[in-house]
2 protein chains.
Amino acid sequence: MKYNKITVDGNTATANIAYALSEIATIYPITPSSTMAEVYEDLSNKNTQNIFGDVPKVVEMQSEAGAAGAMHGALAGGSVATTFTASQGLLLMIPNMYKIAGELLPNVIHVSARTIATHALSIFGDHSDVMSIRGTGYAMLASSSVQECQDLALAAHIATLTSSVPFVHFFDGFRTSHEINTIKSIDIEDIKKIYPYNKLKEFKALALNSKTPHAQGTAQNPDVYFQNREASNKYYDNVPNCVEDAFDKIYSITGRRYHTFDYVGAKDATDVIVIMGSGASTVEQTIDYLNGKGKKYGVVIVRLYRPFDSKRFIQTLPSSVKRISVLDRVKECGAQGEPLYKDVVCALAEAGKQVQVFGGRYGLSSKEFTPSMVGAVYENMTSNSPINHFSVGINDDITHKSLKITNVIHPSLQKVYACKFYGYGGDGTVSANKNSIKIITETTDNNGQAYFEYDSKKSGNATISHLRFGKGEINSPYLIDDIDFVAIHNETYVTKYNVLKNVKPNGIVLLNTSWEGLTLSKMLPNHIKLYIAKNNLKLYTIDAYKIAKEIGLGNKINLIMQAAFFKLIDIIPYDIAKKQMKDFAFKSYGKKGEVVLNRNYSAIDKAEENLKEIQIPSNWAKLTSCEECGATSCKYFKEYIDPIQKLEGNELPVSSFNERGYVPTGTTQYEKRGVATALPKWDSANCIQCNMCSFVCPHGAI
Amino acid sequence: MKYNKITVDGNTATANIAYALSEIATIYPITPSSTMAEVYEDLSNKNTQNIFGDVPKVVEMQSEAGAAGAMHGALAGGSVATTFTASQGLLLMIPNMYKIAGELLPNVIHVSARTIATHALSIFGDHSDVMSIRGTGYAMLASSSVQECQDLALAAHIATLTSSVPFVHFFDGFRTSHEINTIKSIDIEDIKKIYPYNKLKEFKALALNSKTPHAQGTAQNPDVYFQNREASNKYYDNVPNCVEDAFDKIYSITGRRYHTFDYVGAKDATDVIVIMGSGASTVEQTIDYLNGKGKKYGVVIVRLYRPFDSKRFIQTLPSSVKRISVLDRVKECGAQGEPLYKDVVCALAEAGKQVQVFGGRYGLSSKEFTPSMVGAVYENMTSNSPINHFSVGINDDITHKSLKITNVIHPSLQKVYACKFYGYGGDGTVSANKNSIKIITETTDNNGQAYFEYDSKKSGNATISHLRFGKGEINSPYLIDDIDFVAIHNETYVTKYNVLKNVKPNGIVLLNTSWEGLTLSKMLPNHIKLYIAKNNLKLYTIDAYKIAKEIGLGNKINLIMQAAFFKLIDIIPYDIAKKQMKDFAFKSYGKKGEVVLNRNYSAIDKAEENLKEIQIPSNWAKLTSCEECGATSCKYFKEYIDPIQKLEGNELPVSSFNERGYVPTGTTQYEKRGVATALPKWDSANCIQCNMCSFVCPHGAI
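Treat the numbers as computed from the prediction; the structure is a model and nothing was measured. (Residues numbered from 1 in each chain as written. Chains lettered and ligands numbered in written order. Predicted model: local features only at pLDDT ≥ 70, side-chain atom pairs only at ≥ 80, totals over all residues. Heavy atoms only, no water.)

1. Structural notes on the environment of Trp515 of chain B
All names here are of chain B.
Reasoning step 1: Tracing the backbone through its elements, the reader meets Trp515 in the loop between strand E20 (503-512) and helix H17 (517-523).
Reasoning step 2: A C-alpha to C-alpha distance of 8.1 Å links Trp515 and Asp543, two positions 28 residues apart in sequence.
Reasoning step 3: Ignoring anything within four residues of it in the chain, the contact list for Trp515 reads Glu491, Val494, Leu520, Met523 and Leu524. (Helix = DSSP H or I, 4+ residues; strand = E, 2+ residues; numbered from the N terminus. Contact = heavy atoms within 4.5 Å.)

Here you go:
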């Protein structure tokens, strides 16, 4: 049991295993799965060997349909092939998936599960893509954390060979695929100990070859198709055993124990949630907390979703269970209930068990799923007028099926330090934070977690980084809401966003600003000053843009802000932190030459001396919070765009939306971001009237 | 209520309505849906007007993905668009279907439901394609007969406009799409009376246009996607009402009554089958018969499958029900049960009803589903050891989940005359029989049904035509098994197939052969002669190939055999029949000039005089049936190819099949069809050694 503590995202944890256990990946990139193919290709370019001692190949096709077709061909030829996809990409693979499963070709498709475009496109995560392939005959294995991405990817690659049934291994897009967390790696030599080489040999012996030829993929008529279709039943019946067997083997090399279904919670639980994906970790953490306060709650975490083993599911439930809520991260219009709900109802009905079952939807398109929502789901089960087919996490003021959040729950079971960073898309904040969490976890005995909120506008919009670190495992797949440290990398954000929301008393605020003294006091809105004073926050400022300009880094303030962060949180002796930051800067900029490198070193050095602690005037505590931004009189702006711009889109009720996803045109006029750190001025003396400026300005303002 | 009695297939019945109620069809052809697009295009080419007074347009794209994309665009632009597809074609439409449903664009896709390729491709019918789109948000309406194809197509086109939810209207590929039956047409003027023109106007007002612009199909982020996704709930809740309303309107102009679920059977039934598609007619007919013998059986016919209205389903069930068997025409590997089964279990669970539910699969890839199988399903429910998740129609000797057929049921409730024709693929038998059923239904007060068994080899293999006619409606969507008349259009079939199977006592046998007298007696196998003698069959021969050659028609024997058929069955005075046959010949060959036309007329005229009744020698009744064809010693041939070649593939048990669909290579050597009606001989005097013969011979025998 040799392992390293590594801090990686879910995509990387998955791709490392996929690479070690395959010979070819046929790919086509789609968010949020692309990283997996990139990691795979990177390993291949570095001539890294898989467990068979070969260097796997990557083939990029013209679409996911081609990727699946090429994979089918590779498999028929006896190659261990894999691919990575999501959303519409998975939909394009469906025809080939029916064929691959029909021919019992062992295979793993790794899916960072993402919303399918409906009334609107969304690049974010839910289970609508994986649920749309549940008829194809692929087995389906769900990971709920970064650690599981690695471990269950391994289980999938083993079980597909031992069962001959192809697998989709999936996890929540962005929430898990892009969450960076500290996990225990699996050593390639340990994998070799448990890999079913005999089954690999059987698979290769069955492949198309000229020495012992056979034909496959024939056409059949009504006389024989049905019988042949039933001939594979025994393989499917055997899949749950193969998965349990793979889990046993993984336990033998890691000490980590998984089952097709895992139960966590009170042994005599009356109320149980059934869930799969990252939400399971949130439920687990919440019931640890609530059971500590006397509740008798439990959760069944579904790992093997297809084939759905009803018997094992029933055995996993505590006999004391009276009520079950099944949470689905998908909406299936026109069905009486979502897919997992129906599986659970059928399993109970076939077992003759009298349990009340509720179904609910949560987390569509990466909508936050928090401990407070988990609490609401348990409360709904025991209420006098429980809602079935509810939604949780939104306010549905049309059909009134959404659960109300009455209690806010912070299950701070473990001491974690939580930091939030408001960056400016493209300013390097996200990259710096990825390095910071690696520095902390590699230099100290802390584990770390980093998650990043972006929107689909990419560059130029706010990015919000969420960092947690602490001594134990950090399985909190939701945004931080108990904040010890907040950094605001753009001063305009203090009026645009509620940047101090959920900052704890005595917390630290770091503001990148040129404002000083009275200007600072004047520019900060009253509600910010009031919050700082009342909660005894410590306020620090730094003029990072000025420093960056001085040392020749232009707008790149990320290292300055990173250094200020390390200085303030004081988790690592500052000299060591500086050395670490410089090591990472070397990795990033070493190739760009000494001049660039020295500027970056200088950025790190200059932060400390430019950091200023602000003495909070006593009158701040007496202010009243009354500002309201003027804005336009446009109803659509006030009721729709403005809340979204303030990062308060989550609060919009269902009635705010056109049911077809229609929006008015000409609305860009209302989105004046006003976040530029410098404004260009026309210099008539230098102008040669080339007119390039009119092409360059993205807003056509010139 | 003006109507004509018309004799058409399900595709044509559907396409007529789709044409009348749309402005554009974006298509890509796929078996068995292609006829719908062909009929649509044909009407368009003839400048036929739809109910809006326009001539609809047809656009053929490069694949079904393009057809769906173009349709999406047409709908967004306010055009009433439709399409026709099946199987993999439907799979390629999935991404656009999520979008169309998400944007609540009214639309109908007509699907002749077909098997999705798995271990083998199949062009035949089951519900695997339509079940794979049940997550898209399309409503789903199922027709179970040719009459319903017309009526429910109309319901779909009305309800999609009144509900704003797009519809898939589907029916069983081949079994319904290609079955010819006598139905009552709906007059276009009657449709105009019930069409929701106001809703059409609303749809067009919502379309993209430059006067009142809006944007649609935007990108959304986690803050708002979920809420917007829930905003369409009320539209889905309303679909069942819209469908019931459309059914009411159709009742008002046709007198035919449909509901989202229809119950047929004993009011106090204890055992009920739930089913959709053509199988429903078989069940209905069987329980009419069995209840007449004292059983208390019932059937729920599912018409609106999505949204699944649990409340209406429960209300449809008789309160006396104790056991339900749900029959699905699809296999979903890895699920605990097939989709309709799970819907029913959930509906009962939510209603708190204690009913025992069994799930079963039937009819995959157009496997026959007969009254005897229906009987077995009812018997299973009440047996001491009922099987759940059974299959019916095959012998599963591996997992032993198939039901045994213990009683053969012939529910001959109405007097029908049943005729079977063994044709030679490409000889014109199928076309002639399509004409024959039209002649019978148009000339007499009979209704008619015609169904054709082909295999996917197309030309050169046996085609089997199944014709029924009689006074009442003919709702028997299964092959004929009580045969009054059998025609064998190729003499070699008497040794290849069991051509007299299920021929009734006193039935008529028509054999196209050059054999006469002692040769005939020598060439007919003993089991044929024995069967003829024992069952008092009347045997007629005609040498149609000789006549065809004499009059210059080459191998085209269809009109000669058709004329012999009309002469023998004597349903229409023969002079009138001859006139009708000549009218149809004129339609088919009129354009080819007088010479060709006269040859065809001559074929009709010559049949009567060449028909010979054979006196059955008394010793035929004393023969023993003992022939066994020698064949090869190859195990694969004996156990697999030989039964299939004898048209006995249906009897092969599950254990005969490789579970991956693998077959040995080089097996064409065993398939010596030996059905050629003439053999070429090399004439050395004429040979110029051009060597073209080696290209021409399909078997490479030269």
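2. So, the packing of helix H1 (residues 10-20) of chain B against helix H2 (residues 34-45) of chain B
Axes are the key here: two packed helices are described by the angle between their axes and the distance separating the axes.
Residue and element names in this part refer to chain B.
Reasoning step 1: Look at H1 against H2: their axes get within 8 Å of each other, and the N-to-C directions meet at 45°. The angle between the axes of H1 and H2 places the two elements in the oblique class. For the pair H1 and H2, the crossing hand works out as right-handed. Here H1 contributes Asn11, Thr12, Thr14, Ala15, Asn16, Ala18 and Tyr19 to the contact with H2, which in turn contributes Thr35, Met36, Val39, Tyr40, Leu43 and Ser44.
Reasoning step 2: Residues of the contact of H1 with H2, tallied by class, amount to seven nonpolar, six polar and no charged. (Axes fitted to C-alpha atoms, helices over the stretch in contact; angles between N-to-C directions. Parallel < 35°, antiparallel > 145°, perpendicular 65-115°, else oblique. Left-handed = near helix turned anticlockwise from the far one by under 90°. Nonpolar A, V, L, I, M, F, W, Y, C, P; charged D, E, K, R; others polar.)

3. Examining the interface of chain A and chain B
Reasoning step 1: Between chain A and chain B, the residue contacts involve 102 residues of the former and 103 residues of the latter.
Reasoning step 2: Both sides of the chain A and chain B interface together cover about 9500 Å² of buried area, and 58% of this is carbon and sulfur.
Reasoning step 3: At the boundary of chain A with chain B, the tally comes to eight salt bridges.
Reasoning step 4: Across the salt bridge formed by Arg361 of chain A and Glu230 of chain B, the nearest N and O atoms sit 2.8 Å from each other.
Reasoning step 5: The interface formed by chain A and chain B includes 50 residue pairs in polar contact (both at pLDDT 80 or more).
Reasoning step 6: Taken together, the elements giving at least two residues each to the side of chain A that touches chain B come down to helix H4 (87-102), helix H9 (225-230), helix H10 (233-254), helix H13 (339-351), strand E14 (356-362), strand E15 (390-392) and helix H23 (635-645) of chain A.
Reasoning step 7: If one sorts the elements of the side of chain A that touches chain B by residue count, H13 of chain A sits on top with eight residues. (Buried area = accessible area lost by both parts, 1.4 Å probe. Salt bridge = Lys/Arg side-chain N within 4 Å of Asp/Glu carboxyl O. Polar contact = N/O pair within 3.5 Å; in protein donor to acceptor, adjacent residues only side chain to side chain.)

4. Some thoughts on the packing of aromatic side chains
Residues and elements named next belong to chain B.
Reasoning step 1: Applying the stated criterion across every chain, the model contains 42 aromatic pairs over all chains.
Reasoning step 2: Ring geometry for Phe308 versus Phe313: centroids 5.7 Å apart, planes at 45°, classification tilted.
Reasoning step 3: Residue class for Phe308 comes out buried when judged on its relative accessible area of 5%.
Reasoning step 4: Lying over the aromatic face of Tyr451, Arg175 brings its terminal NZ or CZ to 3.8 Å of the ring centre.
Reasoning step 5: Over the aromatic face of Tyr305 sits the side chain of Arg306, whose NZ or CZ is 4.3 Å from the ring centroid. (Phe/Tyr/Trp six-rings, centres within 6.5 Å; stacked < 30°, edge-to-face > 60°. Buried < 20%, exposed > 50% of the residue type's maximum accessible area, 1.4 Å probe, protein only. Lys NZ or Arg CZ within 6 Å of the ring centre and 35° of its normal.)

5. Considerations on the sheet that holds strand E10 (residues 271-275) of chain A
Residues and elements named next belong to chain A.
Reasoning step 1: Taken in spatial order, the six strands line up as E9-E11-E10-E13-E14-E15 in an open sheet, and their pairing is mixed. Of all strands in the sheet, those with a lone pairing partner are strand E9 (261-265) and E15, marking the two edges. Between one strand and the next, the sheet's axes are offset by a mean angle of 25°, whatever the strand orientation.
Reasoning step 2: Relative to strand E13 (residues 323-328), E10 runs parallel, the two sharing four bridges. (Pairing = 2+ DSSP bridges.)

6. With respect to the sheet that holds strand E20 (residues 503-512) of chain A
Residue and element names in this part refer to chain A.
Reasoning step 1: Strand order in the open sheet formed by nine strands is E1-E8-E17-E18-E16-E19-E20-E21-E22, and the pairing between neighbours is mixed. Bordering the open sheet on either side are strand E1 (5-9) and strand E22 (612-614), each of which pairs with just one other strand. Going from strand to strand, the sheet's axes swing by 25° on average, the running direction of each strand aside.
Reasoning step 2: The strands touched by helix H6 (residues 146-163) within the sheet are E1 and strand E8 (180-184), with E8 carrying the most contacts at an inclination of about 50°.

7. Considerations on empty space enclosed by the protein
Reasoning step 1: Within this structure, the stated rule accounts for 13 cavities of 30 Å³ or more.
Reasoning step 2: Quantified by volume, the largest cavity comes out at close to 240 Å³.
Reasoning step 3: Among the residues making up the lining of the largest cavity, the classes are represented as twelve nonpolar, nine polar and six charged.
Reasoning step 4: The calculated volume of the second largest cavity comes to roughly 90 Å³. (1 Å grid on protein atoms, 1.4 Å probe; cavity = no way out; pocket = protein on both sides within 12 Å on 5 of 7 lines; lining within 4 Å. Points joined across faces, edges and corners; volume = space filled by probe spheres on them.)

8. Notes on the relation of the copies chain A and chain B
Reasoning step 1: Superposing chain A onto chain B takes a rotation of 180° combined with a translation of 0.0 Å along the rotation axis, leaving an RMSD of 0.1 Å. Viewed as a symmetry operation, the transformation between the two copies matches a two-fold axis. (Least-squares fit on C-alpha atoms with pLDDT ≥ 70 in both.)

9. As for the pairing of strand E3 (residues 57-60) of chain B
Reasoning step 1: Pairing of strand E2 (residues 24-27) of chain B with E3 of chain B involves four bridges; the strand directions are parallel. From the neighbouring strand, Thr26 of chain B faces E3 of chain B, where its bridge partner is Val59 of chain B.

10. Here's the deal with helix H6 (residues 146-163) of chain B
Reasoning step 1: Look at H6 of chain B: 25 Å from first C-alpha to last across 18 residues, which is about the 26 Å you get at 1.5 Å a residue.
Reasoning step 2: Downstream of H6 of chain B by a residue or two, Ser164 of chain B has a phi angle that is positive, lying close to 70°. (Expected span 1.5 Å × (residues − 1).)

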